[in-house]
Amino acid sequence: MDVIELSDPTDAQIRQWHDVLVAVSAGDPSAGPAPGAEHTAARLLGADRGSPERFWAVPAGDGFAAVAALRLPGGPGADRPGEIDVQVRPERRRAGLGRSLVRSAAGALRADGRPGVIAQVSAGTPAVPFLEAHGFTCVLTLRGLVLRLADLPPGRVAGLLSAGPSGYTLVRWRGTVPDEHAGALARAKDAMADLVEYEGVPWDADRVREMGELVAKRGDSLYTVAALHDGAIAGFTELVVPAGGGDRAAQYDTAVVPEHRGRRLGIWMKAAMLDWVRSELPGIREIETDNAGDNPHMLAVNEELGFLPERETREYHALVADLP
Ligand SMILES: CC(C)(COP(=O)(O)OP(=O)(O)OC[C@H]1O[C@@H](n2cnc3c(N)ncnc32)[C@H](O)[C@@H]1OP(=O)(O)O)[C@@H](O)C(=O)NCCC(=O)NCCS
């Protein structure tokens, strides 16, 4: 079967791509809802020259049987891993379409000089044997938790907020980090490096800004709450509200730099985020988050806030040299 690259997707191709996502989601409700059509369009139209994402599809009849996206963070030639996502219509599986798309992406990874590639998938789905058949190994297990804001006991957020540690203040911003905090936020992000070993590339102010710009380019909104000590960031927590008016926001990174740990900064910052969401984002009813299976501290913080388990996702990594 033929694989085509979509370097300048037409409206019809964007619709055909979106139809695959809808079909995959309908065939496997545990995969969660498909993104909105606008989200798909924004993502595919980001594929200009110099874009961090490339796209392939397997045409069939009037549409696509399968699609694949490969994000190349950091721009051409960066040594961070690429991020692959393959989606095959349920009725077209086990016919080698997924493998063909991985081959195309592998060619692009090699041409770009990337050493590795990662994928995030749900445990217990065909994605697991598929990735393992293509040289990937599991490097991280993430437990998906959801907090329903309506289930928060009255007074819980206010109580946690008033119990903040002395010597710290909270700041918050929407969108890309303000310049005065960019360097300190990068250092705080490095505090998470122990959780994401294979990433291994230090954060700097530019990478922090790039992440904020990427979220904005997708049409999503990034909210950040940080705790300051002597004017420097001691910890932060990030939330992303997707474009398209859904009622679920996604927790992104939360970290406390090592010398400030053990003072309940994590739960304090998350309580401040909940307070912000409740007062300014009335459409948001649920917050989802992923916790590394080996991170009992963050799991305890989330359970104390009332997050309940929903699903398990896994992060897989492959060396590009091991791909087909
Ligand atoms: C995972 C997915 C992409 C696989 O696509 P596919 O076209 O069916 O995969 P292929 O036919 O190319 O399979 C290649 C090999 O992977 C393995 N594999 C794929 N699906 C498998 C399954 N359900 N059970 C066991 N092994 C499987 C097999 O070794 C297979 O080779 P074989 O058929 O000769 O035994 C598809 O099931 C899918 O779209 N799932 C939903 C979206 C998703 O989770 N994507 C993963 C993100 S990377």
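Residues numbered from 1 in each chain as written. Predicted model: local features only at pLDDT ≥ 70, side-chain atom pairs only at ≥ 80, totals over all residues. Heavy atoms only, no water.

The secondary structure content of the protein amounts to nine helices and 12 strands. Over its C-alpha atoms the protein spans a radius of gyration of 20 Å, differing by no more than 12% from the 20 Å that the globule rule assigns to 324 residues. For the protein, buried positions account for 48% of its 324 residues. Here the contacts in the protein between residues at least 6 apart in sequence split such that 71% fall between residues at least 24 apart. With the model as given, the accessible surface of the protein reaches about 15300 Å², and the carbon-plus-sulfur share is 50%. A gap of 2 Å separates the mean positions of the 34 positive and 45 negative side-chain charges of the protein. (Helix = DSSP H or I, 4+ residues; strand = E, 2+ residues; numbered from the N terminus. Rg over C-alpha atoms; globule rule 2.2 N^0.38 Å. Buried < 20%, exposed > 50% of the residue type's maximum accessible area, 1.4 Å probe, protein only. Contact = heavy atoms within 4.5 Å. Areas by Shrake-Rupley, 256 points an atom, 1.4 Å probe, with all protein chains shown as cover. Lys, Arg positive; Asp, Glu negative; His and termini not counted. Charge placed at Lys NZ, Arg CZ, Asp CG, Glu CD.)

The next subject is the nonpolar core. Leu 149, Leu 239, Leu 274 and Ile 284 are the most contacted members of the largest nonpolar core, which totals 33 residues. Of all the elements, helix 8 (residues 265–280) adds the most residues to this core, at 10 residues. (Core = buried A, V, L, I, M, F, W, Y, C linked by side-chain atoms within 4.5 Å.)

This paragraph deals with the site of the ligand. In the region of the ligand, 19 residues are neighbours, and Val 86, Val 88, Gly 96, Gly 98 and Arg 99 sit closest. At a separation of 2.9 Å, an oxygen atom of the ligand approaches a polar backbone atom of Arg 94. In the environment of the ligand, an oxygen atom lies 2.8 Å from a nitrogen or oxygen atom belonging to the backbone of Arg 99. Taken by itself the ligand offers 910 Å² of open surface, and the protein chains cover 78% of this. The set of elements that each furnish at least two residues to the shell around the ligand consists of strand 4 (82–88), helix 3 (97–111) and helix 4 (127–132). A per-element tally of the shell around the ligand places strand 4 first, with four residues. For the shell around the ligand, a count of residues per class yields 11 nonpolar, four polar and four charged. (Near = heavy atom within 4 Å. Polar contact = N/O pair within 3.5 Å; in protein donor to acceptor, adjacent residues only side chain to side chain. Nonpolar A, V, L, I, M, F, W, Y, C, P; charged D, E, K, R; others polar.)

A separate point is the confidence of the model for the protein. Looking at the protein, pLDDT values average 91 and 95% of them are 70 or higher. Highest mean pLDDT in the protein belongs to strand 1 (residues 4–5) (98); lowest belongs to helix 9 (residues 296–305) (88). (pLDDT = per-residue confidence, 0-100.)

Once that is clear, we can look at helix 2 (residues 37–45). Of all the positions in helix 2, only His 39, Thr 40, Ala 41 and Leu 44 are classed as buried. Taken together, the buried residues of helix 2 touch helix 1 (11–27) and strand 2 (53–60).

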